[in-house]
Amino acid sequence: MKSVQPSSKVAAKWIVFLILLMLPSLAWGQKNKGGGGGGGGGSHASAPSHASAPSHASAPSHTTAGGGAHTTGGGAKTTTGGGAKTTTSGGAKTTTAGGAKTTTAGGAKTTTAGGAKTTTAGGAKTTTAGGAKTTTAGGAKTTTAGGAKTTTAGGAKTTAAGGAKTTAAGGAKTGAAGGAKTNAAAGKAGAAGGAKGASKTVTTANGHTKTVNSAGKTTSVATKSGNKANFTSSGKVGTVHTKSGATINHGANGSRRVVSTRANGSKVVSTGRGRGYTQHNFTRGGRSFSSRTYYRGGHAYARAYGRGYWHGGYYNHYYAGAYWGGGYYGWAYGGWGPGIGWGWGWGGAPWYGYYGYYFNPYPVYAAPAFWITDYLIAANLQAAYSAAAVANANANAEAAAAAPADGGGGAQSAVVLTPEVKQAIADEVKAEIAAERDAAAAQSSSAAAAAPAADAPQSASATPPEVLPDALQPNNRTFIVADALNPQLPDGTECSLTQGDVLTRIDDTADANNNVKVMVSGSQKGDCGSGSQVAVSVDDLQEMHNHFREQIDDGLAELAKNQGKKGMPAAPAGSAVSKPNPDGQATPDPNAAADLQKLDQEADQADKDVQVAQNDGVSN
């Protein structure tokens, strides 16, 4: 019993001794805990690596275990939950989750994820990923990648790559590469989308006005007297609208077409000096017609056209002047077996040599349709050459025998009128021969000629029924230009089409302005380029179609004269005789020559007025 008491006393003494030893340690710990928020502790906590080191958590701490979260005191706080870990220490916060690491300190934020690093500080943002670096600050953005540097600021964009530098600002673009520099400002011609360049209007010294584009080129002129003109991309006069309402179209080869429509619906159309027609409307048998008197080379002849109503206006529908006897159309539509050679006698003609680059006749004719195709192409080119020669002679007496200034065969040997285009023309020829054969048969089977729906009787008080023009019929796709035209290109400039160019209709329906899109299938030098697409009015296409049919009829007449001669097979006996078609007959206008002369004089004055305004200097 006595031996136990001393042992209990010894144990009690040891406990008291240990308590005394712990009191200084507790006092030291409280002192250091208060100093943990000082500058030294803050500086260490600002580094993410220090904040995450467990060694700093060895100070007295409060630990709560639950849901995978762990909080450590001593100036640093770490929370782990749902696979994410966040450490906050000395004002810095670092979060690591899903492979991404974000640190926020001193107003700056840095995120590193998937190989990309983004830092946002002081309103600036920098992202580095895949070798590219992008900085956005103060509204400016700079990207550096693959050796190229692009900066966008204040609406301006600058790119430097491979020694080239390009800046786009305020609609202007400047590029310098390899010593070359190009400037485009405010939508200079050739801008994206074919947008028309910015332009300004200036007043000349004598009171005319000019529209000038950003390159300083005159695009249009309005004279003080009231005439207005548009210019082609080459700077030449294209379309002129006179003060009296006439329209003048200038071809690249010097040809000219002038159209004047009067208040009563009649027309005067000059297709060159001393050439053209006058048109008047009349009724016959309760049906509406147009009478045209053509004047060429001092001779006049008349044709009648039906009038069709479409989209609020009237168009002319061609009637053949004569029909041929039974069997002739079948002979003209069919074939000639192995084909024949034919000597046209064009070898020494100036027009033929001039258009040698464009027109190449068939070496052998397998059918009449091919013979008529070459006949009508040649007729158009002869007319174009003659009109251009007259125009050039009028402009310069020394050029009376010269070829048109803007074109010519020269050294060019390529045939621009391709075999494919000629085949399309030949197909149209055959289709029109077949249509005329059917019309002739319908006329012979009735006492009165069968009138197409386009020429139905019209009431003065009622709107006539609409009938689709021939130019928009599905099978009519190929057109040969009959007179000078100046269609607009997508960039707003004009180009020229002259007699003998070939168009292929693309659109099946007209737009709000009754225009349809066509492709230029074959063009002469100086005209709208082959392959280009332009808009042409339905009225102009209809005129081309009518002229095409007239030339086919002329070709049928020439074919009838030559059948059975120089190796050409003979037509069926008695078939090569024509009989007038009453619907195609009209009485010539005795005033045609005088009206054409007067219109040419008016056009001359307008052209001179435009030329003076074009050359007039700008006032200061």
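(A) Examining helix H8 (residues 538–562) more closely. Compared with the 36 Å implied by 1.5 Å per residue over 25 residues, the 36 Å span of H8 between its first and last C-alpha is a close match. The buried fraction of H8 amounts to 19 of the 25 residues, a majority that puts the element mostly inside the structure. Gly564, located one to two residues past H8, shows a positive phi value of around 80°.

(B) Structural context of the nonpolar core. Residues Trp351, Phe359, Leu376, Ile425, Val429, Leu556 and Leu559 are the most contacted members of the largest nonpolar core, which totals 53 residues. Those elements that provide at least two residues to this core are strand S27 (322–324), helix H4 (328–333), helix H5 (350–354), helix H6 (368–395), helix H7 (419–444) and H8. Top contributing element to this core by residue count: H6, with ten residues. Counting 21 residues, the second-largest nonpolar core is a separate cluster that includes Tyr315, Ala510, Cys528 and Leu541.

(C) Up close: the pairing of strand S16 (residues 209–213). The sheet contact formed by strand S15 (residues 199–203) and S16 spans five bridges and is antiparallel. Within the sheet, the bridge partner assigned to Thr201 lies in S16 and is Thr211. The turn linking S15 back onto S16 is made up of five residues, and Gly207 within it adopts a positive phi angle of 90°. For S16 and strand S17 (residues 218–222), the ladder comprises four bridges, and the chain directions are antiparallel.

(D) Up close: the sheet that holds strand S29 (residues 502–505). Spatially, the four strands line up as an open sheet ordered S28-S29-S30-S31, and their pairing is antiparallel. Edge positions in the sheet fall to strand S28 (478–480) and strand S31 (533–537), since each of these pairs with one other strand and no more. When strand polarity is set aside, the average angle formed by the axes of neighbouring strands in this sheet is 45°. With three bridges joining them, S28 and S29 adopt antiparallel strand pairing. Along S29, the bridge assignment pairs Ile480 with Val502. Contacts from H7 reach S28, S29 and strand S30 (515–522), with the element oriented near 95° to S28.

(E) Up close: the pairing of S29. Bridging between S29 and S30 involves four bridges; their strand directions are antiparallel. Bridge assignment links Arg505 to a residue of S30, and that residue is Val518.

(F) Structural detail: the packing of aromatic side chains. Enumeration according to the criterion identifies 26 aromatic pairs in this entry. When the centroid spacing of 6.5 Å and the interplanar angle of 70° are considered together, the rings of Tyr328 and Tyr329 count as edge-to-face. For the residue pair Tyr328 and Tyr329, the accessibility class agrees, reading buried in each case. One aromatic cluster is present, formed by Trp342, Trp344, Trp346, Trp351, Tyr352, Phe359, Tyr362, Tyr365, Phe370, Trp371 and Tyr375 through successive ring pairs. Taking the ring centre of Tyr333 as reference, the NZ or CZ of Lys430 above it sits at 4.5 Å.

(G) View of the pattern of salt bridges. Counted under the stated rule, the structure contains 16 salt bridges. Between Asp508 and Arg477 there is a salt bridge; the shortest N-O distance is 2.6 Å. Of this pair, Asp508 sits in the loop between S29 and S30 while Arg477 sits in the loop between H7 and S28, and the two are 31 residues apart along the sequence. When salt bridges that share partners are traced, they join Arg256, Arg273, Asp600, Asp604 and Asp607 into one network.

(H) Expanded view of the state of the cysteines. Tallying each qualifying case throughout the model produces one disulfide. One disulfide in the model links Cys495 with Cys528; its S-S distance is 1.9 Å. Disulfide Cys495-Cys528: torsion about the S-S bond near 90°, hence right-handed. In this pair, Cys495 is assigned in the loop between S28 and S29 and Cys528 in the loop between S30 and S31, connecting sequence segments 33 residues apart.

(I) Region of the structure containing unusual backbone geometry. With a phi close to 50°, His311 is a non-glycine residue in the positive phi region. Considering the arrangement of structural elements, one finds His311 in the loop between strand S25 (299–310) and strand S26 (313–318). Even without a glycine there, the phi angle at Asn514 is positive, about 60°. Tracing the backbone through its elements, the reader meets Asn514 in the loop between S29 and S30.

Definitions and cut-offs
- Residues numbered from 1 in each chain as written.
- Predicted model: local features only at pLDDT ≥ 70, side-chain atom pairs only at ≥ 80, totals over all residues.
- Heavy atoms only, no water.
- Helix = DSSP H or I, 4+ residues; strand = E, 2+ residues; numbered from the N terminus.
- Expected span 1.5 Å × (residues − 1).
- Buried < 20%, exposed > 50% of the residue type's maximum accessible area, 1.4 Å probe, protein only.
- Core = buried A, V, L, I, M, F, W, Y, C linked by side-chain atoms within 4.5 Å.
- Pairing = 2+ DSSP bridges.
- Axes fitted to C-alpha atoms, helices over the stretch in contact; angles between N-to-C directions.
- Contact = heavy atoms within 4.5 Å.
- Phe/Tyr/Trp six-rings, centres within 6.5 Å; stacked < 30°, edge-to-face > 60°.
- Lys NZ or Arg CZ within 6 Å of the ring centre and 35° of its normal.
- Salt bridge = Lys/Arg side-chain N within 4 Å of Asp/Glu carboxyl O.
- Disulfide = S-S within 2.5 Å.

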